[in-house]
Structure formats: structure tokens, C-alpha cells
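Read off the chains here:
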Amino acid sequence: MGLFSNNKIKKGAVADVIQCDLRDYIVWKWAPDSEDSGGLRANAIRYGSTLNVRAGETAAFFYNQSDGRMVEYVKGPVMNMKVETANLPVLSSIIGAGYGGGSPFNASVYFINTSASNQVPFFIDNFDVLDCFTEFTLPATLKGKVMFRIPDCERFFEVFSMNDMDSFEVKDRIKEDIFELLKSKVGTASSALNIPVTQLRANADKIKRLAFDELKDIFYEKYAIELLNLNIESINIDTEHENYGLIKARMSEIGAKALDIAKAERFREAEIANAQSTRAADEAWTTTAASTRNRTLAENEIVAARLEREKMMRMNDITLDNLEDTLRRQREESQRASRLSTETGHLAAHQVDVQGAVAHRAAESLGELGASGGASMGGDGGMNVAGMMTGMMMGSAVGQNMANMMGNMTQNIAQPGPPVPPPGATVQFFVAVNGQQAGPYNMIQMTNMITAGQVTRQTYVWKQGMAGWDFAGNVPELAQAFGMTPPPLPPQNPPVPPAI
């Protein structure tokens, strides 16, 4: 047939709708309606025809020329697309220029199901499966299906020839490989999985994993098909076959022997577990003993640290008590020295008081003498000469004492009074002793403590007017006192001079 169907189809004829109405297909070839008996319209496309391609489908336009096949792919979804050279550029080399691009042309149109819903069911009947424990075989049947999709239409058409391009041919070729591979995998599954053939049905998923990867590679390399899933619905073995009873009996023997072996293994495991438990108990006891020793050592260290801390606290308390007692004695001595100094400064007044008291007492005594001894002389109312002489002597003594007292008072009044204490005596210092505050102490007390070595240059002190605590060596008033500290005493026992 020529490029154009001049004798049957003319411009302006009824247009075709190119689409696939099938649902379950892999590949399907479109043909126009009302094809004549001679087949002249088998590949003829009318002028003005439209193309519909659903989602998950791809339409391929093929035209054979002497220089090779030309193909145009249209991927769905596409609805009511005009079949023109503007939409299908490859057709421009097919349609003759003399027809203005509107003439009918011949082309093969195939629809390919590119969705993931392609399925091929399979049923494999009466093939042998080998039992690896008894070397007996049993007849078996296998039922299931595969799911796949066609990811590359161009490569798919390269694999299949134009004559093979229908769903039945594709499915038949796929089934051949499915049957061959699955019969091999299921037939040797007992050995591969180390299970008896009586347990094949329960291990269908494991058999599937054995076959899936290999079958996937075959599908892609041989048919340009991507295998999505392999579903093994059932594996049935012939339980009426004579080998089935032999296999069951042999498996019972193997099971009994395996049970004895399992019992022996469990006994051995129990012995091992008992030994491990004993060893663990010994290790635990050793660990516990070591832990007890460590705990005892730790407790002893804690007790020793507590005792040392208490000892240091007692020593600190003793030091504080000694320092406080020393400071107290120094304070009492300072107060006593101050009191003696005050009494010394007012000694004249004190003497006047004492002498006045003596004179007063002498006067009283003289009066009493006059009242008693001078009133009578000799006991008969006359004058008592001895009494009068005694009174005159006492009066003379009193007079002399009063004269001396008055002289001394005059002399003391004429002399200047005692000097006023220097201002430094009124300064009050506080001293930091082992983190505690002691004082206040005046300058005299501070000088005594510096001389005794109880206050050093690095001792913290404070007085009114200072911004904060500072070293005693930094305080000007005390710095002079440190310069007055005498050097250490010489040895008590000097060396004996050498003999000459």
C-alpha cells in the first residue's frame, strides 16, 4: 500500500478518534473503524482526526520508510489533540508537500500502558520439589502474579518486534521466564532455606525474596520492564503421593534425634549457665568485698578528715582564747596603768585628804582628852597634870602636822598639774584575729601587742576614719611602733672563752 490511500479516503472525510478503550492491557494497536475487506484502511488516518491519551498511557506513531523507522511518542494525559504536522513534527516528513499537510496518511499507532497496574498472573502445575533431608521429591503447584510497569517505551519497542506487539504476546514471553525461574527457586527452596518440603507453604515470603531480585534483573534486561512486586499466593504439595508418607516418617526420626540433641544441648547450656552464674557470683562477691574495703577506707578517710578538722577548730579556739586572755590582761594592765597615772597626777590632793583626816582625828582625840583627863587632877576634882602634858604634846604634834600639810598644799598648788595624755591615747583600733574581730584597743595596747609579736605588719586592723580593713604596716600610727620593736635576744648561755 502506498503512502496515501488515494482511492478510498479523500480530504473532508469523517475524522477518526484515536484512543484506547481497554483497561487491562500492556500494549494495544489502534485500527480505524469500518476497515474494508482489503485492509486498505488498516493504518490509514483520516484528515482532521483527534488523539486522546489517558494518564498512565503513551501513544506511539510508527511509519516505515526506506531509510528506517520513524516514531513519534505522545505521553498522556492528552485530550482532543489534532493529528497535524504542527503537533507531530515527525509527520512532516511523511505527508507530501503537494497535499499541504492536510492529506490522509498511513501510520501504525500503538498504545502502551505505562502505569504501575500491569499484572501477569501465573499458575505452575505439577513440577517437582526436592526435600533436602530425605532426597525424595514431591509434585507441587504454584500460584501467584507479578506487577510491573514500562518505564522506557522506546527501549520497550526495541526489545519487541512489530509483529510481537500485542498484550498476549508480551504476557506469554514474560510467563516463560516466570515459570522457568520460579520452578527452579521453589524446587530447591528446601535446600536453600534448610527446611523440609512440608514447610514450603509457611515460608512463601522467604521463597519470594529468593526469586524477586533475580527475576527483576531478567525483566529489565530482557524486556525493558520494571518488576514492582512478586506475589506467591499459594504453594501446594501432593500429600497423596507415596513419598509424602516416607518424608513424614523420616522427618519424625530426624525430629526425635533432633529433640535428643536439643535436650543434650539444653543440658550443656544449663551447665554453662550454671558455671557462668557461679563465676558471676564469685566476681560479685569479690567486687562486693573490694567495694566494702573501699567503702571502709573512704569512711576512715572521712573520719580522719573530721577529726583533723575538729582538731584544727579546737586549736583555733585555744588560740583565740589565749589571744583574748592576753588582750584582756593587757587591757586590765593598761587600765591599771591609766588609773595609777591619774592617781600620781593628783597625789597632792590625795595627801591633803589623808592629812586632813589625820588632823581631824587628832582634834577629836584632843577633845576627848580634854573632856576626860583635864577635868580632874588626881581623881578628886583637881587638875590632872599628866593629862594636860599629854594633851599639850598631842596638840603640838597635830599643829606640826597641820603646818606641814599646809606647806605641802601651798607647794603643790604652786607646781603645775600633770601633763594631758597625748591624742594618740584616745585612738581605738580593731584587730582581725582568725577571721574574727577583736578590740577596740588604744595606741598603748597596740604598741604592747606589736612588741609582743601578737600584731604583725600583715595583721588586718581598722579604726574610725579608715575606708576599710588594711595591713597594720600600712597604718602610719602603727608603722612607727614596728620600728620600735627590739631585735631578738642573744643566746642565754654564751660560749665559754677558750683557755689561754
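Thresholds applied
- Residues numbered from 1 in each chain as written.
- Predicted model: local features only at pLDDT ≥ 70, side-chain atom pairs only at ≥ 80, totals over all residues.
- Heavy atoms only, no water.
- Pairing = 2+ DSSP bridges.
- Helix = DSSP H or I, 4+ residues; strand = E, 2+ residues; numbered from the N terminus.
- Axes fitted to C-alpha atoms, helices over the stretch in contact; angles between N-to-C directions.
- Contact = heavy atoms within 4.5 Å.
- Buried < 20%, exposed > 50% of the residue type's maximum accessible area, 1.4 Å probe, protein only.
- Bend = angle between axes of the 7 residues up to and from the residue.

Student: Even after reading the chapter, I still don't get the sheet that holds strand β12 (residues 226-237), so can you show me in this structure?
Tutor: Within a sheet, neighbouring strands are paired by backbone hydrogen bonds and run either parallel or antiparallel to one another. With antiparallel pairing, three strands are arranged side by side in an open sheet as β10-β11-β12. The two strands at the open ends of the sheet, each matched to only one other strand, are β10 (118-130) and β12. On average, each strand axis in the sheet is inclined to that of its neighbour by 20°, with strand direction left out of account. For strand β11 (residues 137-149) and β12, the ladder comprises ten bridges, and the chain directions are antiparallel. Residue pairing for β12: M147 is matched across the bridge by N229. Across the sheet, helix α2 (residues 167-187) is in contact with β10, β11 and β12; its angle to β10 comes to roughly 35°. Along the sheet, helix α4 (residues 204-223) makes contact with β11 and β12, crossing β12 at roughly 140°.

Student: How do you make sense of unusual backbone geometry when you look at a structure like this?
Tutor: When glycine is set aside, most residues are seen to have a negative phi, and most peptide bonds are trans. Note the cis peptide between G76 and P77, where omega equals 5°. Here P77 is to be found in the loop between β6 (68-75) and β7 (78-82). Here the residue pair G439 and P440 is connected by a cis peptide bond, since its omega of 10° sits within 30 degrees of zero. Positive phi is not limited to glycine here, since N126 has a value of about 55°. Its location among the elements puts N126 in strand β10. What makes N126 exposed here is its relative accessible area of 58%. Although it is not a glycine, A224 sits at a positive phi angle of roughly 60°.

Student: What is the right way to read the pairing of β10 from this model?
Tutor: Bridge count between β10 and β11: eleven bridges; the pairing is antiparallel. In the sheet register, P121 faces β11, and the bridge partner there is K145. Hairpin remark: β10 followed by β11, antiparallel, with six residues in the connecting loop; positive phi at E135, about 65°.

Student: Teacher, can you tell me more about the sheet that holds strand β16 (residues 470-471) here?
Tutor: With antiparallel pairing, the four strands of this open sheet are ordered in space as β14-β13-β15-β16. Two strands close off the open sheet at either side, each with one partner strand: β14 (436-441) and β16. For strand β15 (residues 460-463) and β16, the ladder comprises two bridges, and the chain directions are antiparallel. In the sheet register, V461 faces β16, and the bridge partner there is D470.

Student: Explain α4 here, please?
Tutor: Owing to its 3.6 residues per turn, the α-helix aligns residues three or four sequence positions apart on the same side. Along α4, the largest kink reaches about 30° and is centred on F212. Of the residues making up α4, those classed as buried are A204, I207, A211, F212, L215, F219 and Y223. Where α4 ends, the next residue or the one after it, A224, has phi of about 60°, a positive value.

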